[in-house]
Amino acid sequence: MSSSRKPARPRRSFTAEFKTEIVQRCRAGDRSIGQVARDFDLTETAVREWVRAADRDDGGGSGGGLSADERQELARLRRENHQLREDVGILKRATAFFAGETR
């Protein structure tokens, strides 16, 4: 039994400028996302995700995802929260230590 599956294509990375150009071509409306993907030998799934991400970043779309700025802020807040929790733990241990010494 022979398999009709295509061989896996190697993972490629693209610059933000290239993705922006592809999104602009998709938004121009003269070709479908699938046609743009084929023109540039890209997967349609990747191009659709780039368009959705651009919509989120532009404040549009109802995907409920976070924009790039929101993801960056969330990561910063998570780091800050982690640091503050560590600080609170240190202060609790110090308080317990000094409370024990005064008895």
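Our structure's up above, just so we're on the same page.
Residues numbered from 1 in each chain as written. Predicted model: local features only at pLDDT ≥ 70, side-chain atom pairs only at ≥ 80, totals over all residues. Heavy atoms only, no water.

Draft legend 1. Summary view of the overall build of the protein chain. Within the protein chain, the secondary structure is distributed over four helices and zero strands. Each helix and strand of the protein chain, ordered N terminal to C terminal, gives the series α-α-α-α. For the protein chain, the C-alpha radius of gyration of 24 Å lies well beyond 13 Å, the compact-globule estimate for 103 residues. C-alpha atoms of the protein chain, sized along the principal axes, occupy 80 × 45 × 25 Å. Buried positions account for 14% of the 103 residues belonging to the protein chain. Computing the positive centroid from 21 side-chain charges and the negative centroid from 17, the protein chain places the two 7 Å apart. (Helix = DSSP H or I, 4+ residues; strand = E, 2+ residues; numbered from the N terminus. Rg over C-alpha atoms; globule rule 2.2 N^0.38 Å. Buried < 20%, exposed > 50% of the residue type's maximum accessible area, 1.4 Å probe, protein only. Lys, Arg positive; Asp, Glu negative; His and termini not counted. Charge placed at Lys NZ, Arg CZ, Asp CG, Glu CD.)

Draft legend 2. Molecular detail of helix H3 (residues 44-57). Under the 1.5 Å per step criterion, the end-to-end length of H3 is 20 Å for 14 residues, consistent within 8% with the ideal 20 Å. Turning to H3, its buried residues number three or more, namely Val 47, Trp 50, Val 51 and Ala 54. Each buried residue of H3 sits inside an arc of 95° when the element is viewed along its axis, so together they form one side. Residues of H3 that are buried sit in contact with helix H1 (16-28) and helix H2 (33-39). Count one or two residues on from H3 and you reach Gly 59, which has phi positive near 85°. (Expected span 1.5 Å × (residues − 1). Arc of directions from axis to C-beta. Contact = heavy atoms within 4.5 Å.)

Draft legend 3. Inspection of the nonpolar core at higher detail. By size, the foremost hydrophobic cluster in this structure holds eleven residues: Ile 22, Val 23, Cys 26, Ile 33, Val 36, Ala 37, Leu 42, Val 47, Trp 50, Val 51 and Ala 54. Listing elements by their share of this core, those giving two or more residues are H1, H2 and H3. In terms of residue count, the dominant contributor to this core is H3 (four residues). (Core = buried A, V, L, I, M, F, W, Y, C linked by side-chain atoms within 4.5 Å.)

Draft legend 4. Fine view of the environment of Val 51. Assignment of secondary structure puts Val 51 in helix H3. Considering only alpha carbons, one finds Val 51 and Leu 84, 33 residues apart in sequence, at a separation of 37 Å. Leaving out residues up to four positions away in the same chain, Val 51 has contacts with Val 23, Cys 26, Arg 27 and Ile 33.

Draft legend 5. Highlighting the pattern of salt bridges. Inspection of every chain in the model, using the stated rule, returns nine salt bridges. For Glu 80, the salt bridge is made with Arg 76, and the minimal N-O distance between the two is 3.2 Å. With Glu 80 and Arg 76 both in helix H4 (residues 68-101), this residue pair falls four residues apart, about one helical turn. For Arg 76, a relative accessible area of 39% gives the class partly exposed. Connected via shared salt-bridge partners are Arg 27, Asp 55 and Asp 58. (Salt bridge = Lys/Arg side-chain N within 4 Å of Asp/Glu carboxyl O.)

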